[in-house]
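Below, each chain spelled out in residue letters.
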Amino acid sequence: MNNLEFAIAMEREGEQYYLKQAELYKDNEGLRNVCILMAKDERVHANIIDDLLHNVRNKLSDRDFLSEVKSIFKDAPDVNIKSDSVNKELDFYKEALLKEQESINLYKELKGKAETVEEKAIFEFLISQEEDHCHLITELINFLEKNGTLPEASEYGFSCNIK
């Protein structure tokens, strides 16, 4: 298995991880929607790498993952609800943040071992995407720690339909 095949497998595992978490947290619409969004993005990453691996030139546009989220926190009301579900959400997001940071570190290592300019470009792209994930998760953690809950899912402003 070469570095790109490994990266595809890791992204697919990430997709399955987030889909499983979405199912586990199906009663928490906000957390479920974030998990589905993350799974969808992991799938996009795997498809991009797979295209490169099969010599289909995939233009690496600067996908603006954060624009899909559309200002999750803009105009969100300050809500102060104390419950055990908040701790579960915080624990989940902190664990997800660690996984995303581990992905960044691994992709940096793989970029250093890349043999072609294309491979380096794909790992740079993946690093930037995982950094976007870290930014989103960090904002969710900060918001939860400050407010005790997240805005209602309808206020998130992104679609969580997986195709």
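For clarity, every value in this text was computed on a predicted model and none was experimentally measured.

> Give a detailed account of the side chain of Glu42, specifying residues and quantitative values.
In this structure, Glu42 sits in helix 2 (residues 29-53). Excluding residues within four positions of it along the chain, Glu42 makes contact with Glu11, Gly14, Glu15, Tyr18, Glu100, Glu130 and His133.

> Account for the nonpolar core, with residues named and values stated.
One finds Tyr93, Tyr107, Ile122, Phe123 and Ile137 to be the most contacted residues of the largest nonpolar core, which totals 37 residues. Of all the elements in the fold, those that place two or more residues in this core are helix 1 (3-24), helix 2, helix 4 (84-113) and helix 5 (117-147).

> Describe the confidence of the model for the protein chain, naming the residues involved and giving the relevant values.
Note that predicted coordinates carrying low pLDDT should not be read in detail. For the protein chain, per-residue confidence averages 76 on the pLDDT scale, and 71% of positions sit at 70 or higher. Under a pLDDT of 50 for its full length, residues 66-82 has, in the predicted model, 39 contacts with residues more than four places off or in other chains. The low-confidence segment residues 153-163 (pLDDT under 50) makes 32 contacts with residues lying over four places distant or belonging to another chain.

> Please provide a residue-by-residue account of the environment of Leu97, values included.
Residue placement: Leu97 occurs in helix 4. Look at Leu97 and you get buried, because its relative accessible area is 14%. For the pair Leu97 and Leu136, spaced 39 residues apart in sequence, the C-alpha to C-alpha distance is 9.2 Å. Apart from the residues lying within four places of it in its own chain, the contact partners of Leu97 are Cys134, Ile137, Thr138 and Ile141.

> Give a description of helix 5 that names residues and reports values.
End to end, helix 5 covers 45 Å across 31 residues, agreeing with the expected 45 Å (1.5 Å per residue, within 8%). Backbone geometry just downstream of helix 5 places Gly148 in the positive-phi region, at approximately 80 degrees.

> Tell me what's going on with the pattern of salt bridges, and back it up with residues and numbers.
Under the defined criterion, the tally for this structure stands at six salt bridges. With its nearest N and O atoms 3.5 Å apart, the salt bridge here joins Glu145 to Lys94. In this pair, Glu145 sits in helix 5 while Lys94 sits in helix 4, placing the two residues 51 residues apart along the sequence. On the basis of relative accessibility, which here comes to 39%, the residue Lys94 falls in the partly exposed class. A salt bridge links Lys113 to Glu109; its shortest N-O distance comes to 3.2 Å. Residue Lys113 and its partner Glu109 are located together in helix 4, separated by four residues, close to a single helical turn. For Glu109, a relative accessible area of 44% gives the class partly exposed.

Thresholds, definitions, all that
Residues numbered from 1 in each chain as written. Predicted model: local features only at pLDDT ≥ 70, side-chain atom pairs only at ≥ 80, totals over all residues. Heavy atoms only, no water. Helix = DSSP H or I, 4+ residues; strand = E, 2+ residues; numbered from the N terminus. Contact = heavy atoms within 4.5 Å. Core = buried A, V, L, I, M, F, W, Y, C linked by side-chain atoms within 4.5 Å. Buried < 20%, exposed > 50% of the residue type's maximum accessible area, 1.4 Å probe, protein only. pLDDT = per-residue confidence, 0-100. Expected span 1.5 Å × (residues − 1). Salt bridge = Lys/Arg side-chain N within 4 Å of Asp/Glu carboxyl O.

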